[in-house]
Amino acid sequence: MWDPVTPYRLHVLCQGWHYLCYDWHWTTHRSLGDNSSDLANVAVIDGNKVLVTVFRQTVIPPPMCTYYLLLPHPVNQVMFSAHSKKSNDLAVLDASNQVSIYKCGDSVSMDPTVKLGAVGGSGFKVPLRTPHLEKRYTIQFENGEDQEVNPLKLTLLTWIEENSFLAVSHSQVSPRSAVHRLTIASSEVAEEQGQLTLSSSVTVEGIIITLCCSSKTKSVALQLADGQILKCLWESPSLAVEPWKSPGGFPVRFPYPCIQTELAVIGGEECVLGLTDRCRFFISDTEVASDITSFTLYDEFLLLTTHSHTCLCFSLRDTSLKTLQASLCSSHVANGEVLRKVERGSRIVTVMPQDTKLILQMPRGNLEVVHHRALVLAQIRKWLDKLMFKEAFECMRKLRINLNLIHDHNPKVFLENVETFVRQIDSVNHINLFFTELKEEDVTKTMYPPPLSSSAHLSMDPAKKNLDIICDAMRTAMESINPHKYCLSILTSHVKKSTPELEIVLQKVHELQENGSSVPDAVSAEEALKYLLLLVDVNELYDYSLGTYNFNLVIMVAEKSQKDPKEYLPFLNTLKKMETNYQRYTIDKYLKRYAKAIVHLSKCGLQYFQECLNLIKDKNLYKEALKLYLPNSQQHKAICLAYGEHLIQEHQHETAGLVFARSGAYREALSAFLTCGSWQQALCVATQLHLSKDQVADLSRTLAGKLVEQRRYNEAAIVLEQYAQDYEEAVLLLLEGTAWEEALRLVYKYNRLDIIETNIKPSILEAQKNYLAFLDAQTTTFSRHKKRLLVVRELKEQAQQLNPDCEVPCDQESDLFSETSSVVSGSEMSGKYSHSNSRISARSSKNRRKAERKKHSLKEGSPLEDLALLEALHEVIQSIEKLKDEVHRILKALFLFEFNERGKELQKAFEGTLQLMESSLPEIWTLTYQQNSAIPVLGPGSTANSIMAFYHQQKTSVPVFDAELFIPPKIDRRTQWKLSLLE
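Residues numbered from 1 in each chain as written. Predicted model: local features only at pLDDT ≥ 70, side-chain atom pairs only at ≥ 80, totals over all residues. Heavy atoms only, no water.

K.L.:
Break down the overall build of the protein for me, with residues and values.
P.N.:
Scanning the protein for helices and strands turns up 36 helices and 30 strands. For the protein, the residues scored as buried account for 44% of the 983 residues in total. Taking the contacts inside the protein whose residues are at least 6 apart along the sequence as the reference set, 55% of them involve residues at least 24 apart. (Helix = DSSP H or I, 4+ residues; strand = E, 2+ residues; numbered from the N terminus. Buried < 20%, exposed > 50% of the residue type's maximum accessible area, 1.4 Å probe, protein only. Contact = heavy atoms within 4.5 Å.)

K.L.:
Report on the side chain of His372, specifying residues and quantitative values.
P.N.:
Among the structural elements, His372 can be located in the loop between strand E30 (367–370) and helix H3 (373–385). Residue His372 is classed as buried on the basis of its relative accessible area of 0%. Of note is the side chain of His372, whose polar atom sits 3.0 Å from the backbone oxygen of Cys311. Residues contacting His372, with those up to four places away along its chain left out, are Cys311, Leu312, Cys313, Glu337, Val338, Leu339, Arg340 and Thr356. (Polar contact = N/O pair within 3.5 Å; in protein donor to acceptor, adjacent residues only side chain to side chain.)

K.L.:
Before we move on, can you summarise the sheet that holds strand E25 (residues 301–306) with the specific residues and values?
P.N.:
Spatial ordering of the open sheet is given by E24-E25-E26-E27, a layout of 4 strands whose pairing is antiparallel. With partners counted over all chains shown, the strands left at the sheet margins are strand E24 (292–298) and strand E27 (339–341), one partner each. On average, each strand axis in the sheet is tilted by 20° relative to the strand beside it, whichever way the strands run. For strand E26 (residues 310–315) and E27, the ladder comprises 3 bridges, and the chain directions are antiparallel. Along E27, the bridge assignment pairs Cys311 with Arg340. Of the strands in this sheet, E25 and E26 touch helix H2 (residues 321–329), which is tilted by about 165° from E26. Contacting E24, E25 and E26, H3 crosses the sheet at an angle of about 160° to E25. (Pairing = 2+ DSSP bridges. Axes fitted to C-alpha atoms, helices over the stretch in contact; angles between N-to-C directions.)

K.L.:
With reference to specific residues and values, describe the nonpolar core.
P.N.:
Counting residues in hydrophobic clusters, the biggest one holds 95 residues, and the most contacted among them are Ile639 and Ile760. In terms of residues, this core owes the most to one element, helix H28 (residues 754–802), which gives 11 residues. Apart from the residues lying within four places of it in its own chain, the contact partners of Ile760 are Leu735, Ala743, Leu744, Val747, Ile755 and Phe897. (Core = buried A, V, L, I, M, F, W, Y, C linked by side-chain atoms within 4.5 Å.)

K.L.:
Explain the packing of helix H16 (residues 580–590) against helix H17 (residues 594–602) to me, using residue names and the numbers behind them.
P.N.:
Interaxial distance between H16 and H17 falls to 8 Å at its minimum, and their mutual angle equals 165°. What the angle tells us is that H16 and H17 run roughly antiparallel. You can see that H16 and H17 cross each other, and the crossing is left-handed. Of the residues in H17, those touching H16 at Asn581, Tyr582, Arg584, Tyr585, Asp588 and Lys589 are Tyr594, Lys596, Ala597, His600 and Leu601. Its residues assigned to classes, the contact of H16 with H17 shows 5 nonpolar, 2 polar and 4 charged. (Parallel < 35°, antiparallel > 145°, perpendicular 65-115°, else oblique. Left-handed = near helix turned anticlockwise from the far one by under 90°. Nonpolar A, V, L, I, M, F, W, Y, C, P; charged D, E, K, R; others polar.)

K.L.:
Pulling in residues and values, what's your account of unusual backbone geometry?
P.N.:
Look at the link from Pro62 to Pro63: it is a cis peptide, with omega at 10°. Mapped onto the elements, Pro63 comes out in the loop between strand E5 (49–54) and strand E6 (67–70). Positioned with a positive phi, Tyr8 is a non-glycine residue whose angle comes to about 60°. With phi around 60°, Asn97 is a residue other than glycine that occupies positive phi space. By secondary structure assignment, the location of Asn97 is in the loop between strand E8 (90–94) and strand E9 (98–103). Overall, the relative accessible area of 1% leaves Asn97 in the buried class.

K.L.:
Describe in detail the confidence of the model for the protein, supporting the description with residues and values.
P.N.:
With 85% of its residues at a pLDDT of 70 or more, the protein shows a mean pLDDT of 83. When pLDDT is averaged over each element of the protein, helix H7 (residues 418–425) comes out on top at 95 and helix H29 (residues 826–830) at the bottom at 34. Contacts of residues 458–463 to residues separated by more than four positions or lying in other chains number 7 contacts, the stretch itself having pLDDT below 50. A low-confidence stretch, residues 954–961 (pLDDT under 50), is modelled with 16 contacts involving residues beyond four sequence positions or located in other chains. (pLDDT = per-residue confidence, 0-100.)

K.L.:
Give me the sheet that holds strand E20 (residues 260–266): which residues, what numbers.
P.N.:
Pairing in this open sheet of 4 strands is antiparallel, and the strands run E20-E21-E22-E23 from one edge to the other. Of all strands in the sheet, those bounded by a partner on one side alone are E20 and strand E23 (286–289). Averaged over all pairs of adjacent strands, the angle between strand axes in this sheet comes to 30°, irrespective of strand direction. Sheet analysis places strand E22 (residues 281–283) next to E23, joined by 3 bridges and oriented antiparallel.

K.L.:
Lay out the pairing of E5 with the relevant residues and their values.
P.N.:
The buried fraction of E5 is high, at 5 of 6 residues. By the bridge criterion, 6 bridges tie strand E4 (residues 41–46) to E5 in an arrangement that is antiparallel. For Val42, the partnering residue across the bridge sits in E5 and is Thr53. Where E4 hands over to E5, the hairpin turn is made up of 2 residues, of which Gly47 adopts a positive phi near 70°.

K.L.:
For the environment of Asp426, give the residues involved together with the corresponding values.
P.N.:
As for its placement among the helices and strands, Asp426 is situated in the loop between H7 and helix H8 (428–437). With residues up to four places along the chain from it excluded, the contact list for Asp426 reads Lys485 and Tyr486. Reaching out from Asp426, the side chain makes a polar contact with the side chain of Tyr486 at a distance of 3.3 Å.

K.L.:
Describe the pattern of salt bridges, listing the residues and the values that go with them.
P.N.:
Inspection of every chain in the model, using the stated rule, returns 39 salt bridges. Across the pair Arg701 and Asp726 runs a salt bridge, and its minimum N-O distance is 3.1 Å. Linking Arg701 in helix H24 (residues 693–709) with Asp726 in the loop between helix H25 (713–723) and helix H26 (727–736), this pair joins segments that are 25 residues apart in sequence. Salt-bridge contacts for Asp754 lead to Arg752; the nearest nitrogen and oxygen are separated by 3.0 Å. (Salt bridge = Lys/Arg side-chain N within 4 Å of Asp/Glu carboxyl O.)

K.L.:
Tell me about a nonpolar patch on the surface, and name the residues and values.
P.N.:
Together, Trp2, Tyr8, Trp24 and Trp26 give the surface a local cluster of nonpolar side chains, amounting to about 570 Å² of exposed area. Among the secondary structure elements, Trp26 is positioned in the loop between strand E2 (19–23) and strand E3 (29–30). Judged by relative accessible area, which is 70%, Trp26 ranks as exposed. (Patch = residues over 30% accessible without salt bridge, like charges linked within 9 Å, V, L, I, M, F, W, Y side chains within 5 Å. Areas by Shrake-Rupley, 256 points an atom, 1.4 Å probe, with all protein chains shown as cover.)

K.L.:
How would you explain the packing of H28 against helix H32 (residues 865–881) if you had to name every residue and give the values?
P.N.:
Between two packed helices, the angle of one axis relative to the other and the distance separating the axes together describe the packing. It is the contact of H28 with H32, at a shortest axis distance of 9 Å, that shows an interaxial angle of 155°. Viewed along their axes, H28 and H32 adopt a mutual orientation that is roughly antiparallel. Here H28 runs over H32; the crossing is left-handed. On H32, the residues touching Phe774, Leu775, Gln778, Thr781, Phe782, His785, Lys786, Arg788, Leu789, Val792, Arg793 and Lys796 of H28 are Glu865, Asp866, Leu869, Leu870, Ala872, Leu873, Val876, Ile877, Ser879 and Ile880.

K.L.:
Go over the packing of aromatic side chains with me, naming the residues and quoting the values.
P.N.:
Tallied over the entire structure, the rule returns 21 aromatic pairs. With centroids separated by 6.2 Å and ring planes inclined at 85°, the aromatic side chains of Tyr8 and Trp26 adopt a geometry described as edge-to-face. With Tyr8 in the segment before strand E1 (9–13) and Trp26 in the loop between E2 and E3, this pair connects stretches of sequence that are 18 residues apart. Look at Tyr542 and Tyr568: their rings are 6.5 Å apart centre to centre, the planes differ by 55°, and that puts the pair in the tilted class. Taken as a pair, Tyr542 in helix H13 (residues 538–546) and Tyr568 in helix H15 (residues 565–576) lie far apart in primary sequence, 26 residues in all. Three or more aromatic residues joined by ring pairs make a cluster, and in this case those are Phe389, Phe414, Phe421, Phe434 and Phe435. (Phe/Tyr/Trp six-rings, centres within 6.5 Å; stacked < 30°, edge-to-face > 60°.)

K.L.:
Could you give me a rundown of the pairing of strand E16 (residues 208–213), with the residues and numbers involved?
P.N.:
A regular strand carries its side chains on alternate faces of the sheet. Counted residue by residue, E16 has 5 buried out of 6 residues, so it is predominantly covered. Looking at chain direction, E16 and strand E17 (residues 220–224) are connected through 5 bridges and run antiparallel. Paired with Leu211 across the strands is Leu222, a residue of E17. In this structure, the hairpin formed by E16 and E17 is closed by a connection of 6 residues, where Lys218 is found at a positive phi of approximately 60°.

K.L.:
Please provide a residue-by-residue account of helix H23 (residues 679–688), values included.
P.N.:
Along an α-helix, a turn takes 3.6 residues, which lines up residues three or four apart on a common side. Buried residues of H23: Trp679, Ala682, Leu683, Val685 and Ala686, and no others. With its buried residues spanning 160° around the axis, H23 presents them on a single face. Positive backbone phi, approximately 55°, marks His690, located one or two places after H23. (Arc of directions from axis to C-beta.)

Here it is in structure tokens:
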């Protein structure tokens, strides 16, 4: 009787009071080949018939089939050969314990025991290869057992070699099983009688419920009813079994019995995969998923269907068990190649070897063929690696895979084999389709990233690929093969370039129109033009045809573009009446190609120069225009004058002066050089203008005034002394600029030693007093800010210790935070420095910039007082550092004029200020304070600690805009400013 609770369980009570219990489970008999010769056969048992469907040729659900095998007894089991080259051969075990072997050869003749199925009469595109019965063998049991007593004596028959089988039998008196090796008899008599002998057997404690064999590793795994996994050593002379052990050396045991087991190599280790009737999926003894409805292994892939109506496909190549386990356990799969939505209740039937088809069966029995993206891309990559471009292209075209992958998969290989690609595709329409899909994007980095385990091929340019190189390479290949046949594709290669070469395309069309061709597969000009109008906008093509200055071509394009003749004929007739150069100028101006337009207009004669100059000014074509006229011509000079005026309007006075000077417009050049303070050029131009001495002197005083405004005292002194002959004023400017040595040089040069007493010495002493006053003020400021900074830091530390959760507000006056933020704590609202957020958000841009300049307030108690103090201290140190050269010069001057005491006083004061600042650096810019202010690491490389540090910094630290304040200023100790003579 059948069990009322457990499905497919049969209870049998025999006459001798023997009790037998049988469990049946659904399994799929599929061929196990992995090459293109495998026909993807799937067999279904139907009484004494075996229904076989050849999925490589047709997809039909049972009970329909491609053909069926008719046997004399009911069929117990069907198995396909585990040998990859003979995967289409199958063996059938029937109830009489006979094994019938059917082998599939190249012959298409029908065996009497092989009948065409329900679709056999519909015909096939290729001859139907059906197997033929080679031999029917009877199993010879040991001790003369009567095999007819128990039709289910042998189970789990597996075809491991051409002449060898493995089978399992169960003891009826104890929970034991035996593994048998069945071998086709080698003797001629036994061969003629058709006998399978039990060459060896091994007994196993426990009931074997599954047996799986790997066609690649030749390993055999047995599963006992308690989940224990055993390895069957069948290649040895006598059968043996041993526990299957994990890489760590521990025996492998499934926590629950599995109804389906397979062998796979994961991370270099062979593992046993199992699936229970409750959808729990195990890899070795680890449960990796609990919602798997079916699974299968194909080549390097593991395919699974889930309760969430998805089909997952994982690559096992160079992966690890932990990675695979993590991917299966994750709630979602990020990679689009891995996951595919399927219909509810779908289960895997088989996978087409060396193809992209995955056969799924629905709960209602019908079959569906899907192309899983992972299988598709893997197969395409294999085809491309083998330079099988036609197969890859057809697959990508049918399944809508972006054709850029053909190039992007391996750009170097593709460009080296472009001619092979063209010859294999051999279709103008398909090549044009490839061109139209080309784009700068590298699809291997965006749409189809390669598996992590694969070696990624580098593109020619890491940022983007060059379409022009692809188009040129394709065009060269097509022109060498057959330029007439691939004419349209050649035109497409010009159009598809980054800068479309429409002029070249139109010229080729014009050549077709003029020359024609008697070649049978040549394209006419009308066809080519009609095709171009599909690729290019009609108005754009018309403009480009007009730019060729070929009116026959323009009319042909206009006619094909269905333009109204009233739109273009009057304009073309007007152009035909013009002189050639002026005609081309008019066309270029119409097309807004102004650089070309002035080239043609410059050839029309001097009467058109004013029109040309107006266009040059209007379109700012001065550089291009200067190349069209001789340097000494009046036209060249006129263009230079216009160019110089344009540069002055752009406030480029020095450049304008050079242009004026080059064209001989020296007065305009002098004015430009005066404006920008280029005194050398101005004086050179003045000489060319032949100015009088008085005029040169006036010019020199004007230049000196400009230079003084720019604090260029030395240069102003040179101008006054050499060109205005006013050395006294020059000395005064040098003293104002603290150039003591240069002032002394002029005094001694003109023998005016009285100036030393009247001007130089008083100036030096006055400068010494100013330096001392400045140093005293800076030292006082530095000490005060330093003291206040230490107090502010101590107050902040105390406040943080008293209330660690209190947020220290960053400068609310400074727009460093969002202006829409209006949440402040109660203590801030009641404090002395609370602010109105409505006022802040209503600031004008002018006030905002003003607030940004004043974001750090030195007022005691302001929110960012510590930052303001740091900034002020930083500025003081930098100002003192800049004084070293000036102090060194005045010390030399003081010593020279015997003001030793004044020099020592200044040197001592400056040294004291430097020492104070150097000693204060570690105290002000402490290491702890710098670390607390460090900018945290965010973004893709962030960690949990860095993110927490960032949010903590928002409370306790300063905005990243002020991070440079926490870097101590550098004091250059190598600068020699001291004068040893004053020590």
